[in-house]
Amino acid sequence: MVSSASHKRLSIGIVGGGIGGVALAVALSRDPGLKVRLFEAAEQFSEIGAGVSFGPNAVRAITLLGLEASYRHISDSSPAPFEDVWFEWRRGSDDAYLTATLAPGCGQSSVHRADFLEAIVENLPEGIARFGKRCVAVEQDGDGTTAQFADGTAYTADILIGFDGIKSAVRDHVLSPAQHAELGPFWSGTYAYRGMIPTEQLEAAMAARGADKRLARVPQMYLGPDRHILTFPVKQTELINVVAFITDRSTPAPQLPEGEEWVSTVSQEEMLEVFAGWGAGSQAILDCIPEPTRWALHELPELPRYRRGRVLIVGDAAHAMVPHQGAGAGQALEDAYVLAGLLTDQACDRQSAEQALAAFEAVRHARACKVQRTSHEAGDVYEYAAAGIGDDEARLIENLKSRYDWLWQHDPQDDVAEARRRLGWQPHADSRAAKSRQA
Ligand SMILES: Cc1cc2nc3c(=O)[nH]c(=O)nc-3n(C[C@H](O)[C@H](O)[C@H](O)COP(=O)(O)OP(=O)(O)OC[C@H]3O[C@@H](n4cnc5c(N)ncnc54)[C@H](O)[C@@H]3O)c2cc1C
């Protein structure tokens, strides 16, 4: 049994040490009034060797979480004079330019996942993380919560936060699968082929195929019916991150073949076959990925709630989505910031923590659901399958120019302020000062 005896204002257990869980633990660890423990199933913090891209809202959350310096050290941006370009959009069949989506002041802000996790872990004090702790069950009573782990140990805290990803065990406590079988992860119908290419190799391949070499470094999306390909640079533009998507829209609820793994290594031939007939840019990209991995992209339905008593789920555990707006990790980081903003308040203690979790849920739920929903719709837009748009490129261009505005312009400080208002807590002096500085 891991002890939780504490003279602190509040004790908090976090299950899951991915991007979201670590960011939350770092933010909470700065408050000496809190006892924080993070439980990760793996033997160490780890992320896959792929890229992750952040919109302006996610970069804002990173900054507010005090992680900007760690982030800037390792992040990539679109090369000059394309600094504000999030993605250029092209027709996949012939590389024809359609439009560009601009994110002024941010552009395409991306990192290598493993580098990012390592960079934020450096901000986590010793003694907070525990490894080899796979949560298998959760219990609670009026006073506290207990997480039980596969190794036979358990941890009791005042509140428990499930940041344990799409296959969350904590979610099973919040929304029991026996009563809510329909609320588990489902296959979106989309496979994503992933790979990383040395930038100079891709430039040479572009040139050899007669495509514009610039397409290698400037973030690109190549669009076509039921398929699209994206590229953006990572690792100080040493590498280009590639994801190539194909979607089965032949049935409303496509099923993954029985027994198929979510992630597998597949042949290059399979991927080339999917994009047969596409333009020189796409062919150059796919030529450079000899061993793609194929991901069956799963998502969650919009859950009716994220909380049960003193237990809350956040990040992918609560709102896993398809990656078509590059927004899932950004939502996890917004969650981390808003939750930390409430839990680090002096007014938040053993008695009021449950209401704080309820206020968090009340202010975050609608936005997270909308990001899930619009992420799915974005895949339809990119793949010429959106209602009212289809293969009408003029409408497609119109949609791409502004579809991210509401997502990117969000300020999570407003969520904290709204939650505080619901709790009847005084407006926070820091957030008032920050707001007046922004004004
Ligand atoms: C192909 C693809 C591309 C993507 N691209 C982007 C992008 O460009 N931008 C973006 O914002 N998002 C992107 N996403 C989404 C993003 O990866 C997720 O939204 C993000 O990683 C969620 O973070 P999280 O911390 O909530 O969960 P996770 O990153 O899944 O972390 C969960 C952690 O919990 C641990 N864990 C799991 N179960 C247990 C348990 N029972 N007990 C203890 N620990 C446990 C895991 O080991 C893991 O460390 C992409 C996703 C995919 C699949």
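Student: Even after reading the chapter, I still don't get the environment of Thr101, so can you show me in this structure?
Tutor: Here Thr101 is to be found in strand β5 (residues 97–102). For the pair Thr101 and Leu357, spaced 256 residues apart in the sequence, the C-alpha separation amounts to 36 Å. Excluding its chain neighbours within four sequence positions, the residues that come into contact with Thr101 are Trp86, Phe87, Leu400, Lys401 and Tyr404.

Student: Any chance you could explain the sheet that holds strand β8 (residues 135–140) here in plain terms?
Tutor: Strands pair in a sheet through their backbones, by hydrogen bonds, and they do so in one of two ways: parallel or antiparallel. Taken in spatial order, the three strands of this open sheet run β8-β9-β10, and their pairing is antiparallel. Looking at which strands have only one partner, the edges of the open sheet turn out to be β8 and β10 (154–157). Sheet twist, expressed as the average angle between the axes of neighbouring strands with direction ignored, equals 20 degrees. With five bridges connecting them, β8 and strand β9 (residues 145–149) associate as antiparallel partners. Paired with Glu139 across the strands is Thr146, a residue of β9.

Student: Would you take a moment to explain unusual backbone geometry for this structure?
Tutor: Excluding glycine, most residues fall at negative phi; most peptide bonds, likewise, are trans. Following Ala80, the chain continues into Pro81 via a peptide bond in cis, with omega recorded as 0 degrees. You can see Pro81 is positioned in the loop between α3 (68–74) and β4 (85–91). Non-glycine residue Asp95 carries a positive phi angle of around 65 degrees. Residue position: Asp95 is located in the loop between β4 and β5. A count of 22 C-beta atoms within 10 Å places Asp95 in the buried class. The phi torsion at Thr237 lies on the positive side, around 65 degrees, for a residue other than glycine. As for its position among the elements, Thr237 is in the loop between β14 (227–234) and β15 (239–247). Judged by the 16 C-beta atoms lying within 10 Å of it, Thr237 falls in the partly exposed class.

Student: It is not clear to me how the nonpolar core should be interpreted in this structure. Could you clarify?
Tutor: Grouped together as the largest cluster of nonpolar side chains are 127 residues, with contacts concentrated most on Ala23, Leu24 and Leu333. A per-element tally of this core places helix α11 (residues 353–382) first, with eleven residues. The residue makeup of this core includes at least three contributed by each of domain 1 (10–77 + 110–183 + 301–438) and domain 2 (186–299). Ignoring any residue separated from it by four or fewer positions in sequence, one finds Leu24 in contact with Ile14, Ile161, Phe163, Ala336, Leu339 and Ala340.

Student: Sorry if this is basic, but what is going on with the site of the ligand here?
Tutor: In the region of the ligand, 35 residues are neighbours, and Gly16, Gly18, Gly165, Gly315 and Gly328 sit closest. The set of elements that each furnish at least two residues to the shell around the ligand consists of α1 (19–29), β3 (51–54), β17 (293–299) and α10 (328–343). Looking at which element gives the most residues to the shell around the ligand, the answer is α10, with four residues. Built from parts of two domains, the shell around the ligand gets at least three residues from each of domain 1 (10–77 + 110–183 + 301–438) and domain 2 (186–299).

Rules and cut-offs
- Residues numbered from 1 in each chain as written.
- Predicted model: local features only at pLDDT ≥ 70, side-chain atom pairs only at ≥ 80, totals over all residues.
- Helix = DSSP H or I, 4+ residues; strand = E, 2+ residues; numbered from the N terminus.
- Contact = placed C-beta atoms within 7 Å.
- Pairing = 2+ DSSP bridges.
- Axes fitted to C-alpha atoms, helices over the stretch in contact; angles between N-to-C directions.
- Buried ≥ 20, exposed ≤ 12 C-beta atoms within 10 Å, placed from the backbone.
- Core = buried A, V, L, I, M, F, W, Y, C linked by C-beta atoms within 7 Å.
- Domains from an automatic or database assignment.
- Near = placed C-beta within 6 Å.

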